[in-house]
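Descriptive structure summary
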Amino acid sequence: MNWYADFVNKLITCRACPRLAKYREEVKPLPRFSDDKYWRRPVPPWGDLANARIMIVGLAPAVHGGNRTGRMFTGDSSAQFLFRALHMAGLSNRPYSISRNDDVAVRCIYITSVVKCAPPNNRPTTDEIRTCVNNWFRYEIQRIKPKAIVTLGHIAFQGVRLVLGINAEFRHGGYVDVNGVRIFMSYHPSPRNTNTGRLKIEDLVRILKMASEYVGCS
């Protein structure tokens, strides 16, 4: 996948959003990660590049997750909830995502985010979202050509809507078809949603299985 290597090499040097670049580089490590060398760059997507029929889209890297580990949805509580669901849906060989060296392999999926750098308070600005979509995310969709997209949260759905021109609103558990692509909608697996029961593991598993069955990966 020559395009992917070129894409990542360019992505990780991006400084198009000064506020995000400053934040990702200056954030203080949590005490339990004090011995870790933080990634502190735009976080690359990853997945089953040869057979990626489903694109899983998050908001942005977690400041002590992907921004620390250098891999999207890796090393934080949101990642563990997502990968528990992926494992239950038969799309990951492990029910966790801890580091780039954890031997996790996924099937049929490509994992990415609309915004490539960790934003303060998990809140990118509208301009930052548009910059990332136009510089990076739009190209990913064009290269992967997914048959299904699972959007994790409103901002993920907003990013996909910017690229595909979706004329619909976010609705957890729903889906919309656009130009042969089915976009599934789920709340983001953040502690705010999972700890309160707003997003239950069985709900996310059901959505992932729907996407898997739709593209023929079940």
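Above this note sits the structure.
Summarised in this report is the structure supplied together with it. Residue positions are given per chain, counted from 1 along the sequence in the order it is written. Reporting of local features is limited, given that this is a predicted model, to residues whose pLDDT is at least 70; pairs of side-chain atoms are given and counted only at 80 or more, and all residues count toward the totals for whole chains, interfaces and linings. The side-chain figures draw on all heavy atoms in the structure; neither hydrogens nor water molecules are used.

**Re the pairing of strand β3 (residues 109–113)**
Successive residues of a regular strand alternate their side chains across the two faces of the sheet. Formally: Accessibility here uses a 1.4 Å probe with only protein chains present; expressed as a share of the type maximum, an area under 20% marks a residue as buried, one over 50% as exposed, and anything in between as partly exposed. Helix and strand assignments follow DSSP, with helices taken as H or I runs no shorter than four residues and strands as E runs no shorter than two, numbered in order from the N terminus. Note on pairing: two strands pair once DSSP finds at least 2 bridges between them.
Of all five residues in β3, five are buried, a share of seventy percent or more. Residues I109, I111 and S113 line one face of β3 and the alternating positions Y110 and T112 line the opposite face, and both faces are buried. Of the pairings in the sheet, the one linking strand β1 (residues 46–47) to β3 comprises two bridges and is antiparallel in character. Bridging across to β3, G47 finds its partner in Y110. Two strands pair when backbone bridges link them, and strand β2 (residues 54–58) and β3 are joined in this way by five bridges, in the parallel orientation. Across the sheet, M55 pairs through a bridge with Y110, a residue of β3.

**Remarks on helix α1 (residues 2–11)**
For clarity, the cut-off: This arc is built from the directions going out from the helix axis to the C-beta atoms.
Three or more residues of α1 are buried, namely W3, Y4, F7, V8 and L11. The buried residues of α1 occupy an angular sector of 125° when the element is viewed end-on, so they sit on one face. Among the exposed residues of α1, those pointing more than 90 degrees away from its buried face are N2 and K10.

**Notes on the pairing of strand β5 (residues 175–178)**
Residues V176 and V178 point to one face of β5 and are all buried, whereas Y175 and D177, pointing to the other face, are not buried. Bridge count between β5 and strand β6 (residues 181–186): four bridges; the pairing is antiparallel. Pairing of V178 across the sheet is with V181, part of β6. Here β5 folds back onto β6 in antiparallel fashion, the turn holding two residues, of which N179 has a positive phi close to 50°.

**Describing the sheet that holds β5**
As a reminder, the rule being used: Here a residue-residue contact requires only that any non-hydrogen atoms of the pair lie within 4.5 Å. Fitted lines through C-alpha atoms serve as axes, helices being fitted only where they are in contact, and the angles separating the N-to-C directions of these axes extend from 0 to 180 degrees.
The strand order across the open sheet built from six strands is β1-β3-β2-β4-β6-β5, with neighbouring strands paired in mixed fashion. The open sheet terminates on both sides in strands that have one partner only, identified here as β1 and β5. Where β2 and strand β4 (residues 148–152) come together, four bridges link them in parallel fashion. If you follow I56 over to β4, its bridge partner there is V150. Strands in contact with helix α6 (residues 154–164) are β2, β4, β5 and β6; relative to β4, the strand with the most contacts, it is inclined by about 140°. Lying on the sheet, helix α8 (residues 201–215) is in contact with β2, β4, β5 and β6; it crosses β6 at an angle near 175°.

**Considerations on the side chain of S113**
Among the structural elements, S113 can be located in strand β3. Taking the relative accessible area as the measure of exposure, S113 reaches 1% and is therefore buried. With near-sequence residues (within four places) excluded, S113 lies in contact with V57, G58, L59, A60, P61, M72, F137 and E140.

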